[in-house]
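# A look at the structure
Each chain, written out:
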Amino acid sequence: MIIEYTSYNKNKSITLDTHRPPIVLQERKGLHGLSTDLKTFRSIEQTGVSIQANLIRERIVSIRGAIVYEDFEEKENLKKNIYSVFNPSFAGDMKIITDNNTEYNLKEVYIEEA
């Protein structure tokens, strides 16, 4: 699985991959299944209901990775990049590519501090 997150902060991006360093995706939670709310209404003498809106509930996605590095300086540069991209002050877009090459694009993803 590959997760690519692009921050709206100067369009900085970072890629987490389950198979490729330097940032290896170790664990992800909250990516499966969607919860939705259907807003319906019924008119006078109407049989059944009409759908007014289909709202997707927000959900929490948890991602954990590891930094693979050769030396201390490389590690510090990677950490700075991670902190810069996953800045809670800026939203971003997330692209998820599953192991069977299905691609999902999420717009306006907000980062919360851990």
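Note that this is a predicted model, so its numbers are computed, not measured. (Residues numbered from 1 in each chain as written. Predicted model: local features only at pLDDT ≥ 70, side-chain atom pairs only at ≥ 80, totals over all residues. Heavy atoms only, no water.)

### Some remarks on the pairing of strand 8 (residues 103–109)
Rules: Note on pairing: DSSP must find at least two bridges between two strands before they are called paired. Here a helix means four or more residues in a row that DSSP labels H or I, a strand means two or more in a row labelled E, and each is numbered from the N terminus.
Across 5 bridges, the pairing between strand 7 (residues 92–97) and strand 8 is antiparallel. Looking at the pairing, Gly-92 lines up with Val-109 of strand 8. Hairpin remark: strand 7 followed by strand 8, antiparallel, with 5 residues in the connecting loop; positive phi at Asn-101, about 65 degrees.

### Comments concerning the packing of aromatic side chains
For clarity, the cut-off: Paired rings are identified among Phe, Tyr and Trp, the last through its six-membered ring, by centres lying within 6.5 Å, and are further divided according to the angle between planes into stacked (under 30 degrees), edge-to-face (over 60) and tilted (the rest).
Throughout the structure, instances matching the rule amount to 1 aromatic pair. Here Tyr-5 and Phe-86 contribute two aromatic rings whose centre-to-centre distance is 5.2 Å and whose plane-to-plane angle is 20 degrees, an arrangement assigned as stacked. Taken together, the positions of Tyr-5 in strand 1 (residues 2–7) and Phe-86 in the loop between helix 1 (72–85) and strand 7 put the pair 81 residues apart, joining distant regions of the chain.

### Observations regarding helix 1
Worth spelling out the cut-off: One less than the residue count of a helix, multiplied by 1.5 Å, gives the span that helix is expected to have. Buried means the residue's accessible area, taken with a 1.4 Å probe over protein chains only, is under 20% of the maximum for its type, while exposed means over 50%, and partly exposed covers the values in between. Working definition: the arc comes from the directions between the helix axis and the C-beta atoms, pointing outward to the latter. The contact criterion used throughout is that any non-hydrogen atoms of two residues lie within 4.5 Å.
Spanning 14 residues, helix 1 covers 20 Å between terminal C-alpha atoms, matching the ideal 20 Å at 1.5 Å per step. Taken together, the buried positions of helix 1 are Leu-78, Ile-82, Ser-84 and Val-85. Seen end-on, helix 1 carries its buried residues on one side only, within an arc spanning 165 degrees. Across helix 1 from its buried face, at more than 90 degrees, point the exposed residues Phe-72, Glu-73, Lys-80 and Tyr-83. In this structure, the buried side of helix 1 is in contact with strand 1, strand 2 (13–17), strand 3 (23–29) and strand 6 (62–67).

### As for unusual backbone geometry
Working note: non-glycine residues mostly have negative phi, and peptide bonds are mostly trans. Note the cis peptide between Pro-21 and Pro-22, where omega equals 15 degrees. For Pro-22, the position within the fold is in the loop between strand 2 and strand 3. For Lys-10, which is not glycine, the phi dihedral falls at a positive 60 degrees. Mapped onto the elements, Lys-10 comes out in the loop between strand 1 and strand 2. Even without glycine at this site, Asn-101 takes up a positive phi of about 65 degrees.

### Remarks on the nonpolar core
What counts, and what does not: Buried Ala, Val, Leu, Ile, Met, Phe, Trp, Tyr and Cys residues that are joined via side-chain atoms within 4.5 Å together make up what is termed a nonpolar core.
If you look at the biggest cluster of nonpolar residues, it comprises 15 residues, and the most contacted ones within it are Met-1, Ile-3, Tyr-5, Ile-14, Ile-23, Met-94 and Ile-96. Counting only elements with at least two residues in this core, the list comes to strand 1, strand 2, strand 3, helix 1 and strand 7. Sort the elements by how many residues they give to this core and helix 1 lands first, with 3 residues. Those residues in contact with Tyr-5, other than ones at most four positions away along the chain, are Lys-12, Ser-13, Ile-14, Val-85, Phe-86, Phe-90, Ala-91, Gly-92, Asp-93, Met-94, Val-109 and Ile-111.

### Description of the layout of surface pockets
Put simply, the test is: Within this scheme a cavity is a closed region of a 1 Å grid, computed over the protein atoms alone, that accommodates a 1.4 Å probe without allowing it to escape, whereas a pocket is open but has protein on both sides within 12 Å along at least five of seven lines; lining residues each have an atom within 4 Å of a point. Grid points are joined across faces, edges and corners, and a volume is the space filled by probe spheres set on the points. Residue polarity follows a fixed list, in which Ala, Val, Leu, Ile, Met, Phe, Trp, Tyr, Cys and Pro are nonpolar, Asp, Glu, Lys and Arg are charged, and the others, Gly among them, are polar.
In this structure, the largest pocket encloses a volume near 1,300 Å³. Forming the walls of the largest pocket are 29 residues, and the residues nearest its centre are Val-61, Val-109, Tyr-110, Ile-111 and Glu-112. Broken down by secondary-structure element, the contributors of at least two residues to the lining of the largest pocket are strand 6, helix 1 and strand 8. Of all the elements, strand 6 adds the most residues to the lining of the largest pocket, at 6 residues. The residue makeup of the lining of the largest pocket, split by class, is 19 nonpolar, 2 polar and 8 charged. A volume near 160 Å³ is recorded for the second largest pocket. Along its surface, the second largest pocket is lined by Met-1, Leu-31, His-32, Gly-33, Arg-59, Ile-96, Thr-98, Tyr-104 and Leu-106. Residues belonging to the lining of the second largest pocket are distributed by class as follows: 5 nonpolar, 3 polar and 1 charged.

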